[in-house]
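Listed below are the residues making up each chain.
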Amino acid sequence: MANQALPRPRFEAPDPERGTKAIPKLETSATPLLAGKVSEVPDALFGGAMRLCGLAVVGILALIVFELLHAFGWKFFGLQDWNPVEDQYGALPFIYGTIVSSLLSLVIAVPLSIGVAVFITEMCPVGLRGILSFMTELLAAIPSVVYGLWAIFVLVPLLRAYVQPFLATTLGWTGLFSGPPYGIGMLAAGIILAIMIIPIISSITREVMTVVPQHQREAVLALGSTRWEMIRIGVLRNARAGIVGGIILGLGRALGETMAVTMVIGNRAEIAKSLFAPGYTMASVLANEFSEATGDLYLSALIEIGLALFLVTIVVNALARLMVWSVTRGQPARGSV
Amino acid sequence: MERDARTAREGLGLIMASAISVPNPTIIPPISWRRRTLDHVMTGVAILTVVIVLAPLVAIFGYLCYKGIGSINIAFLTQTPKPVGEVGGGMANAIVGSAFILAIASLMGVPMGIGAGIFLSEYGRNRYGDAVRFVSDVLNGVPSIVIGIVAYGLVVIRQKHFSALAGGVALAIMMVPTIARTTEQMLLLVPQAIREAAYGLGVSRWRTTLSITLRTATSGVITGVMLAFARVAGETAPLLFTAFGNQFWNLKPDQPTAALSLQIYTYALSPFDDWHRQAWAGSFVLIVLIVGAVAAVRYVVRRGRLAGA
Amino acid sequence: MGVGITVERLNAFYGKTQALFDININVLANHATALIGPSGCGKSTFIRCLNRMHETIPESRVEGNVRIGEFNVYNGTSATELRRRVGMVFQKPNPFPTMSIYDNVAAGLKLNGFRNRKKVDEVVEKSLRSSALFEEVKDSLHKKSGASLSGGQQQRLCIARALAVQPEVLLMDEPCSALDPISTGKIEELIFQLKEQYTIVIVTHNMQQAARVAEFTGFFLLGKMIEFDKTEKVFTNPSDKRTEDYVTGRFG
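None of the values given here were measured: they were computed from a predicted structure. (Residues numbered from 1 in each chain as written. Chains lettered and ligands numbered in written order. Predicted model: local features only at pLDDT ≥ 70, side-chain atom pairs only at ≥ 80, totals over all residues.)

The helix and strand inventory of chain B stands at twelve helices and zero strands. Sequence-distant contacts in chain B: of pairs separated by 6 or more residues, those separated by 24 or more amount to 71%. (Helix = DSSP H or I, 4+ residues; strand = E, 2+ residues; numbered from the N terminus. Contact = placed C-beta atoms within 7 Å.)

Below, the structure written as structure tokens:
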């Protein structure tokens, strides 16, 4: 129980000096300077305007859906007025090309991105961290068309001269690396896409790794683990959901990437097993043929491809954001990515 | 809790594994050479990935400088393209055209983006704000070619011709979600105490938001705007069937307009060596402008932080 | 001249949780009234109900009647108008970081549309003198930012800023808790003099402070007001046992 003999607060006589330093009387006129009614209207107007801007964002999405749909009307989801033989068959190479190029880019990009992220967050000396992360962000700043330009004149000749013959001799038995080594083709597209999505996967991986609390790392180290084991068990395992989210986000980006892919994929609507063969993606066919589309059916088919691309990327991105949010708990991912 | 248990289990497994691998297990089992080697190997692998990833960066920049700088001359920066096949000429109209389209895009996209950002941070800490936030993030992932198609439907079809305005609309649509999110983040960094101080003085909400909250976050908001700007400056796909490109000068918003990225694309795919050379030069100019913007933004932000803002 | 505050049956809620239960108080004009009590007892909530700052928290609710002078706080005055008549000083000094000292003090006037340059100069100087800060900053009014001052100076700046709007009531939410003893002493001296012109309500954790500056003291506990009386009586001869226990330090 508390100390019984606690004294009361001392009540001293007021300091004789107190209150003698006169302070200037602030003018207290009967009508203060800010008299008068305050209207609620400006606040209401402003609030309304801001809400309108917020609504506009949703409106933009609605606009996109509307524009893509009204070329078809709602017949798109029906079965009549639709020429399956001509267009259904036609769309498959594009879907195939998009999926294969994106998957290939993921296969290349994911280990590299995670490696870079692990290095920067866990292994790198503190001084280098800023420079390295700046450089990876710089990769994200390069425009797609410049990637394409470099790919045409540097990457493709490299592939044609060295990489593809090498792959043909070593791994040709898989069937994935057969056919004439044009240089241009699915492989080139996959590689350039990989370079383009590495920054996004790497930066999200870095972010979710940083969020893992320090005591997780310390717990594993305290049990006598090596650094790599600490990273594997203490960090990567905990950040798994977020990393997967980052990978899916990278996939979303790869699916929609247009310019660089168009410039090196060969633009031939064929389905082939070999990665050396040219291909065609949904985004590429839109870029190449949209402005030259003659005839309503042709245009409509292209817009349908655009709609399909839109829906796929929306679903993939929504999924990815949900996974990343679940790990970073609602903090937005960096706006520049 | 669950994570900790998992981690502990794994760690225990480690100890047992190392205990088994040593012939005479002592109380504290030493780390086996196998595990140690693996650790070194993985460090090496990580360093290797960094090298592999940064190699293209160095290669691209190196190539740009090597091929690009040599091709930049006064003619490039001041002349319009020569007729097909002729050597010489420049991309002056494309550089100006890009600036023109970007200006149109900014006029539409920046105010709306900042407004949406203000909404999200000041009026949107609720379900409606969450919906807008989600839509905004999702919009960020829409392929730029699809946005080009939308702008085509919205503007080009109605006007029956390509135009800089259509290109501006496409780019503005891309800027809004990015600017909205970064503005929101910057405004959220302003401490609530600052807003309360203003409310306590009897300042109305709209005045507080603009003159106090936004004012305090100004450098951050500008950073976000410039980042969005840099991102759309290099876009090609949305301009393919909106601005469309132009051989000549154009400063009218309702006519097809040349753009740097479009010009690079056309020249890169052409069979002429001189045009390839010019494509490199154009890329160099484009990168210089974009990287310059990003670096300037980083510098301003760092200075702003040191100044104690 | 200050005005009196009348509070009748005030109840305040954060969402479903009730924070204040049936508070009834009569604050006399031109006097300083202190509110004491252990952490979380509702005294900050109460003071924020007086100028409707409580509303800025989402899902908050207030029931009851509050009158400040001739204003009925919850029925009929806009919050903005009210807050121009009732000034507030917060626990942690919060000068506007992007503004100079002058602009900070003038903020209340300028942002509310008052433009007369000469008058604003006058008011800024007088407010800074009233908060005993003028002598220390008179050479760098426009050059130094509000955030570059020391903690005690910042708080006096916030007081000057609140005074510049010429309120009739000054609400102070633990204004000295983040300050060192010397700054605290200066501000207490200030409060002692300000009460001749304003009605002051001060929330404080420090009982000695209440004893030093206030004529009346209210003791809060768990959202209820246990006792409200002349300071001397509350400290030397409280009517309620709980008050006695608190002031003698048995808890809190």
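Picking up after the structure, the text goes on.
Residue and element names in this part refer to chain C. In terms of burial, strand 8 (residues 199–203) is a largely internal element, five of the five residues being buried. Of the two faces of strand 8, the one carrying Thr199, Val201 and Val203 and the one carrying Ile200 and Ile202 are both buried. In terms of strand pairing, strand 3 (residues 32–36) meets strand 8 through four bridges, oriented parallel. Within strand 8, the position partnered with alanine 34 by the bridge is isoleucine 202. (Buried ≥ 20, exposed ≤ 12 C-beta atoms within 10 Å, placed from the backbone. Pairing = 2+ DSSP bridges.)

Another aspect to go through is the interface of chain B and chain C. Contacts between chain B and chain C engage 18 residues on the former and 23 residues on the latter. Listing elements by their share of the side of chain B that touches chain C, those giving two or more residues are helix 8 (192–200) and helix 9 (205–216) of chain B. Per-element accounting of the side of chain B that touches chain C gives the leading share, six residues, to helix 8 of chain B. A class-by-class count of the residues in the side of chain B that touches chain C yields eight nonpolar, six polar and four charged. (Nonpolar A, V, L, I, M, F, W, Y, C, P; charged D, E, K, R; others polar.)

What follows deals with the pairing of strand 1 (residues 5–14) of chain C. Residues and elements named next belong to chain C. With seven bridges joining them, strand 1 and strand 2 (residues 17–27) adopt antiparallel strand pairing. The partner of threonine 6 across the bridge, within strand 2, is asparagine 26. What sits between the antiparallel neighbours strand 1 and strand 2 is a turn of two residues, in which glycine 15 has the positive phi angle 65 degrees. Two elements, strand 1 and strand 4 (residues 60–68), share eight bridges in a ladder whose sense is antiparallel. Bridge assignment links glutamate 8 to a residue of strand 4, and that residue is asparagine 65.

This paragraph deals with the confidence of the model for chain B. All names here are of chain B. Per-chain confidence: chain B averages 85 in pLDDT, with 88% of residues scoring 70 or above. Summarising per-element confidence for chain B, the mean pLDDT is lowest in helix 1 (residues 2–21) (64) and highest in helix 7 (residues 164–189) (94). Here the predicted complex scores 0.83 on pTM and 0.90 on ipTM. (pLDDT = per-residue confidence, 0-100.)

We now examine unusual backbone geometry. Residues and elements named next belong to chain C. Positive phi, normally seen in glycine, also occurs at glutamate 59, with a value near 65 degrees. In this structure, glutamate 59 sits in the loop between helix 1 (43–50) and strand 4. A positive phi angle is found at alanine 132, which is not glycine, with a value near 60 degrees. Counting through the fold element by element, alanine 132 comes out in the loop between helix 4 (117–130) and helix 5 (134–137). Looking at alanine 132, the number of C-beta atoms within 10 Å reads 19, which means it is partly exposed.

Here we come to the sheet that holds strand 8 of chain C. Within a sheet, neighbouring strands are paired by backbone hydrogen bonds and run either parallel or antiparallel to one another. Residues and elements named next belong to chain C. Read across the sheet, six strands follow the order 6-7-8-3-9-10 without closing on themselves; strand pairing throughout is mixed. Of all the strands in the sheet, the pair left with one neighbour each is strand 6 (86–89) and strand 10 (224–230). For this sheet, the mean angle separating the axes of adjacent strands, direction not counted, is 15 degrees. Where helix 1 meets the sheet, it contacts strand 3, strand 6, strand 7 (169–173), strand 8 and strand 9 (216–221), and its direction lies at approximately 150 degrees from that of strand 8. Contacts from helix 6 (residues 151–164) reach strand 6 and strand 7 within the one sheet, and its direction differs from that of strand 6 by about 170 degrees. (Axes fitted to C-alpha atoms, helices over the stretch in contact; angles between N-to-C directions.)

Turning our eyes to something else, we now look at the domain arrangement of chain A. How big an interface is tends to be stated in terms of accessible area lost as the parts join. Entries for chain A in the domain assignment read domain 1 (45–82) and domain 2 (84–328). Computed from C-alpha coordinates alone, the two centres of domain 1 of chain A and domain 2 of chain A are separated by 29 Å. (Domains from an automatic or database assignment.)

Listed per partner, the contact involves 86 residues of chain B and 77 residues of chain A. The element best represented in the side of chain B that touches chain A is helix 2 (residues 33–71) of chain B, accounting for 19 residues. For the side of chain B that touches chain A, a count of residues per class yields 56 nonpolar, 19 polar and eleven charged.

Turning our eyes to something else, we now look at the sheet that holds strand 5 (residues 71–72) of chain C. The four strands lie next to each other as 2-1-4-5 (chain C), forming an open sheet whose pairing is antiparallel. In this open sheet, the two strands that pair with only one neighbour each are strand 2 and strand 5 of chain C.

Before going further, it helps to spend a moment on helix 4 (residues 92–123) of chain B. Residues and elements named next belong to chain B. Under the 1.5 Å per step criterion, the end-to-end length of helix 4 is 45 Å for 32 residues, consistent within 8% with the ideal 46 Å. Along helix 4, the helix axis deviates most sharply at serine 106, where the bend reaches about 35 degrees. Among the 32 residues of helix 4, 24 are classified as buried, and the element is accordingly described as predominantly covered. (Expected span 1.5 Å × (residues − 1). Bend = angle between axes of the 7 residues up to and from the residue.)

The next subject is the packing of helix 3 (residues 101–110) of chain C against helix 4 of chain C. Two quantities define a packed helix pair, namely the angle between the axes and the distance from one axis to the other. All names here are of chain C. Remark: helix 3 packs on helix 4, axes separated minimally by 10 Å, with the N-to-C direction vectors making an angle of 120 degrees. On the basis of their axis angle, the class for helix 3 and helix 4 is oblique. Taken as a pair, helix 3 and helix 4 cross one another with a handedness that is right-handed. Here Tyr102, Val105, Ala106, Leu109 and Lys110 of helix 3 come into contact with helix 4, specifically with Val120, Val123, Val124, Ser127 and Leu128. A breakdown of the residues in the contact of helix 3 with helix 4 according to their chemical character gives eight nonpolar, one polar and one charged. (Parallel < 35°, antiparallel > 145°, perpendicular 65-115°, else oblique. Left-handed = near helix turned anticlockwise from the far one by under 90°.)

Where helix 3 (residues 126–141) of chain A contacts helix 2 of chain B, the two axes come as close as 10 Å, and the packing angle between them is 50 degrees. Taken together, helix 3 of chain A and helix 2 of chain B sit at an angle that is classed as oblique. For the crossing formed where helix 3 of chain A meets helix 2 of chain B, the hand is left-handed. Here Leu132(A), Met135(A), Thr136(A), Leu138(A) and Leu139(A) of helix 3 of chain A come into contact with helix 2 of chain B, specifically with Val50(B), Val53(B), Leu54(B) and Leu57(B). Here the residues of the contact of helix 3 of chain A with helix 2 of chain B sort into eight nonpolar, one polar and no charged.

Residue and element names in this part refer to chain C. In terms of residue burial, helix 1 counts as a mostly covered element, since eight of its eight residues are buried. Of all the residues in helix 1, the buried ones are Lys43, Ser44, Thr45, Phe46, Ile47, Arg48, Cys49 and Leu50. Following helix 1 by one or two positions, arginine 52 adopts a phi angle in the positive range, close to 60 degrees.

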